[in-house]
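Coordinate analysis (summary)
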Amino acid sequence: MLERGKVHLNMIVTKTGDQGETYLNDGSRVSKSSARIKALSLFERISVKLGFFIHECNQTPLQIPLPDEKICQIDLIALANSFQQEMFDLGSDLCTPIKPEESLTRFPAEKVEEITAIIASLTPALTPLDSFILPQGSLRILMSHDIRTIVRQAEIQVWEITDEINPTVPQYLNRLSDFWFVLGRILQFEEQESSSAEPHQWQPNQNHERGILIQKANS
């Protein structure tokens, strides 16, 4: 990731983008409709969604039973905050075009490996899926799926950038989307433990109950 420095936001209205272009970190200007800027806007959106997720969480860590009598403790607030921070790290990287023989420190591949390892450690807590699950449940579960889909959208948008980029950026987004799918299932599992609600799964090519009933009103 790029080395952090101080950010000065003394003037919010600069009028420098009124013609549909904006500055990158190296001083170059690009169209606001470019794939790079569209990806950066999605990073901002993900960060806001993570803020909503944090708002829905409490200070009590999750206790997830794992095989071999192990327990995984998850502080959801700290977790989402760490991803918020990394959204800005990703944005700083993507906002700085790659130059020949540059000496900048880019967003590290170790972050991808870290998320991969976390997913591998949490997956044994879940039963294997025999169908796609429908995004239903508490607000935390729904927000996990919402974040997952926006992260996937951001990854797709990054791949549309035609200039050279740090390949770790889309790889990290790919893994992060997978993580939020797993976390959504973890949260659903945790809530099943305290209720009789079962996760809803996709049932292909079935006649599903619409839940609509038309009858005569009582006289």
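Residues numbered from 1 in each chain as written. Predicted model: local features only at pLDDT ≥ 70, side-chain atom pairs only at ≥ 80, totals over all residues. Heavy atoms only, no water.

**A look at the pattern of salt bridges**
Following the criterion strictly, the structure yields seven salt bridges and no others. Glu190 is paired through a salt bridge with Arg140; the nearest N and O atoms lie 3.1 Å apart. Here Glu190 is found in helix H5 (residues 168–192), whereas its partner Arg140 is found in helix H4 (residues 139–159), with 50 residues between them in sequence. With a relative accessible area of 28%, Glu190 lands in the partly exposed category. (Salt bridge = Lys/Arg side-chain N within 4 Å of Asp/Glu carboxyl O. Helix = DSSP H or I, 4+ residues; strand = E, 2+ residues; numbered from the N terminus. Buried < 20%, exposed > 50% of the residue type's maximum accessible area, 1.4 Å probe, protein only.)

**A word on the confidence of the model for the chain**
Any segment with low pLDDT has predicted coordinates that should not be analysed in fine detail. In the predicted model, the chain carries a mean pLDDT of 85, and 81% of its residues have values of at least 70. Mean pLDDT across the elements of the chain bottoms out in strand S1 (residues 21–23) (78) and peaks in H4 (97). (pLDDT = per-residue confidence, 0-100.)

**With respect to the pairing of strand S4 (residues 70–74)**
Along a regular strand, successive side chains alternate from one face of the sheet to the other. Sheet analysis places strand S3 (residues 62–66) next to S4, joined by five bridges and oriented antiparallel. The residue of S4 that forms the bridge with Leu62 is Ile74. Here S3 folds back onto S4 in antiparallel fashion, the turn holding three residues, of which Asp68 has a positive phi close to 60°. (Pairing = 2+ DSSP bridges.)

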